[in-house]
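The lines below spell out each chain.
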Amino acid sequence: MRIGVYICHCGLNIASVINMDALHEKVEQMKGVELVKDIQFMCSDVGQDALMDDIEEHDIDRVLVAACTPKLHENTFKKVLERAGLNTYLLEIVNIREQCSWVHMDHHDMATQKAFDLIKMGVAKLSLLEPLRIRKIKANKDVLVIGGGVAGIEAALTLADSGTHVYMVEKEPTIGGKMALLNEVFPTNDCSICVLAPKMTDVQNHTNIDLFTYSEIKDISGSVGNFTVKGIQNPRYVIIDNCKGCIDECARVCPVDISNPFDSGLGKTKAINMPIPQAIPQTAFINSDYCVGCGLCKQACPADAIDFNMKAEEFTFTVGAVIVATGYQGFDAKRKEEYGYGVFPDVLTNMELERLLNASGPTRGKVVVPSTKETPKKVAFIQCVGSRDETVGNPYCSRVCCMSSMKNAQMIKERYPDTEVTIHYIDIRAAGEMYEEYYVRSQMMGIDFIRGKVAEIQIDTQGKMLLRYEDTLECTLCQENYDLVVLATGMEPSNTTEPIARTLNLTKRTDRFLSIAHPKMRPVDAHINGVFIAGCASGPKEIQVSIAQGSASAARSTRLLARGELENDPFSACVDAEKCIGCRMCEDTCNFNTIKVIDGKAVVDEISCQTCGSCSASCPVDAIDMPHSTDAQIKAQIRAALEVKDEFPLIIAFLCNWCSYASADLAGTSRIQYPTNVRIIKVMCAGRVDPDFVLEALQGGADGVIVAGCRLDECHYIIGNYDAKHRMDNLKEVLEEIGLDQRRLRVEWISAAEGERFAKTIEDYVDELTELGPVGSELQGGDPDE
Ligand code: FES
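Below or above, wherever it landed, is the structure these notes cover. (Residues numbered from 1 in each chain as written. Predicted model: local features only at pLDDT ≥ 70, side-chain atom pairs only at ≥ 80, totals over all residues. Heavy atoms only, no water.)

## Description of the overall build of the protein
Scanning the protein for helices and strands turns up 22 helices and 38 strands. Summarising its shape, the C-alpha atoms of the protein cover approximately 95 × 65 × 50 Å along the three principal directions. Residue burial in the protein is summarised as follows: out of 786 residues, 57% are buried. A separation threshold of at least 6 residues defines the contact pool for the protein, and within that pool the share at least 24 residues apart is 73%. With an accessible surface of roughly 32,800 Å², the protein has 49% of that area assigned to carbon and sulfur atoms. If the 80 positive side-chain charges of the protein are averaged to one point and the 112 negative ones to another, these points end up 5 Å apart. (Helix = DSSP H or I, 4+ residues; strand = E, 2+ residues; numbered from the N terminus. Buried < 20%, exposed > 50% of the residue type's maximum accessible area, 1.4 Å probe, protein only. Contact = heavy atoms within 4.5 Å. Areas by Shrake-Rupley, 256 points an atom, 1.4 Å probe, with all protein chains shown as cover. Lys, Arg positive; Asp, Glu negative; His and termini not counted. Charge placed at Lys NZ, Arg CZ, Asp CG, Glu CD.)

## A word on the packing of aromatic side chains
Taken as a whole and judged by the stated rule, the model has 13 aromatic pairs. Consider the rings of Phe186 and Tyr435, whose centres lie 5.6 Å apart with planes at 80 degrees: the pair is edge-to-face. Note that Phe186 is positioned in the loop between β8 (184-185) and β9 (190-191) and Tyr435 in helix α12 (residues 435-444), a separation of 249 residues in sequence. Residue classification places Phe186 among the buried residues on the basis of a relative accessible area of 12%. Residue Tyr435 is classed as buried on the basis of its relative accessible area, which comes to 3%. An aromatic cluster of at least three residues, connected via ring pairs, comprises Tyr167, Phe212, Phe315 and Phe317. Its guanidinium or amino end placed over the ring of Trp658, Lys71 lies 6.0 Å from that ring's centre, counting from NZ or CZ. Directly above the aromatic system of Tyr482 lies the positively charged group of Lys378, at a separation of 5.2 Å from the ring centroid. (Phe/Tyr/Trp six-rings, centres within 6.5 Å; stacked < 30°, edge-to-face > 60°. Lys NZ or Arg CZ within 6 Å of the ring centre and 35° of its normal.)

## Section: the state of the cysteines
Evaluated as defined, the whole model comprises one disulfide. A disulfide bridge connects Cys191 with Cys194, and the sulfur atoms are separated by 2.3 Å. Linking Cys191 and Cys194, the disulfide has an S-S dihedral of approximately 80 degrees and is accordingly described as right-handed. What makes Cys194 partly exposed here is its relative accessible area of 49%. (Disulfide = S-S within 2.5 Å.)

## Concerning the pairing of strand β1 (residues 3-8)
Here β1 lies mainly inside the structure; six of its six residues are buried. The alternating pattern of β1 places Ile3, Val5 and Ile7 on one face and Gly4, Tyr6 and Cys8 on the opposite face, and all of these are buried. Across six bridges, the pairing between β1 and strand β2 (residues 33-39) is parallel. Across the sheet, the residue bridging to Ile7 is Asp38, located in β2. The parallel pair β1 and β2, bridged by helix α1 (residues 20-28), forms a crossover whose chirality is right-handed. (Pairing = 2+ DSSP bridges. Right-handed = clockwise from strand over helix to strand, strands pointing away.)

What follows is the structure, given as structure tokens:
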């Protein structure tokens, strides 16, 4: 092994604080180091060329660069290694700028000592690194889109237009989703089906799309690049290829009237029907729950399309990626008993009003009071029914209800100018392009807005509906009669999402919608590699956002599969089958469904592994490890840091790559000064920190250990920091049992933007440990082998 160490001056950024000559000299004495150079700017061509030349001339086979944060130039140096023919994973970057010279500007000696320790730790790790290789596997380029609403349609068309073969599976007999049922859509008030129907037709006609309507997914197995999808297509008892869509012929003779679910139950339809006039496919279907099998439709059909012997058909196909666009379902207004929905006939939901307003709805666009069939004179909208309401378990805002009620209120005002319309709201949420203007326009049209909760709806002595409400702007309790009340019901996760979440192992948030990999940076990625989420499956959102997410999911799928092959991350977990006892701890810990115990041994899907390392920390027999941050490498770093204890108190800090390490870098770029006592070890996630590492550090002489990760709920690996918290909480009890004060271990959640907080944490911890005294005194009292 021939290690080359390159120390960068970074102009004066490093060299003005750290004594480069002294450092150079000390590193030269280090065991295993073949060559040491200090260079003005390592990242410059001169630095890169020097490195290239040395690799060739001096047979350097492992490289340590002590310079700025690895986030800046790790890739630069990897490329140099690649050009020199060296495995690019035999490189270690030691951060002596952001985490040393810039934060200890007035402590030259201590900063020099710290830089030396950090290099020593780097060399210890580097000596144990193994060359790693990237493996490629063939990936299926086809994509499954689950759900034929507007988000799914947009995703499917974007993919199909760019040449990808798409399977779309929709549970209803038609695609179009909720948008196909709406009358007009805000903020432009254009006809919903007019803008959607052409896209629905495009889906049906596209040669790159296989459409399965009235179908269900039963199982999805496999992983990114190679998912196997199994499902069934329910019998519609009408042959799609034969049916001409002339629904009158068959429906006219059908003797069974049923309430129409596509009109929210307000209108009537027949047991054989076309869900909506613009249905895709343009094919009738027989609702088998109601059909009496009289056969009249079969006799009447001029196209011989009816087939009562039709059976559910199974389908199986493979895809490389899955887009989940299963949408939402409306809140059941009956759960808010105080509003009398289902009891008082003249209390409707917003969706029912949509169908009344719709020209192809049950009243052909006329808004009538259901009990009198007359035009309403006074209409009230009640906002936040089933949203922002802890009593029904939905504390979230449904985002569209304010705008949707304003839109429907405008429709009523336009059609019936004499009708009084009032919107009872808690807060108006009108944040979006043209939304505020829309709100103002609603006010200008004479729509009243009353701020405050509606307590209940009662029937007064005259038999009229009476609203009791609070006006929080006037600070009064009021009551008012209305002849029509519309409940702005919120959105809830669709029932159809649940089985999909189960088969794909997707995680859900506390509001029960599907969670995404990162709330800001990865808005359509699921936690499972190769699965994307578009539209309301991941929470309430407007049509335009759903469309944008449909496109985004398509783009993400294309980016993933375009080359027809996938690469593993060489840092993915690997299992020592000899040691593995098949206890399934790793399988339970992995948040990405990446590990399976097969024949009693854990097996990692290295293409899907996200490399967080939580599985490794959870393994009771150390059978699972992370290449490039193995247990042995981390312990070697710890031992190197403690070899000569040159400071008191000495702190070992395990910082997660994404947030807390970045916060330490930010402290550096902001030149926030803190004590030199900390030696940082970077891990991908706080969840990687094995309790053994903490014990190794404390028993080896560290006076304190910090485990820091992203803020809770913001871990880049879903709940890696919760895993860490759980482990460290347990470990604190163990510390006490072996005679160590629990304060020897500090757990912190620090975001990447909190450089100042990172510095303050170190400062406070140094004070606390100074008061506590050296760890040695406590260790002597306990039995470290317990
Ligand atoms: Fe920061 Fe998990 S990535 S704690």
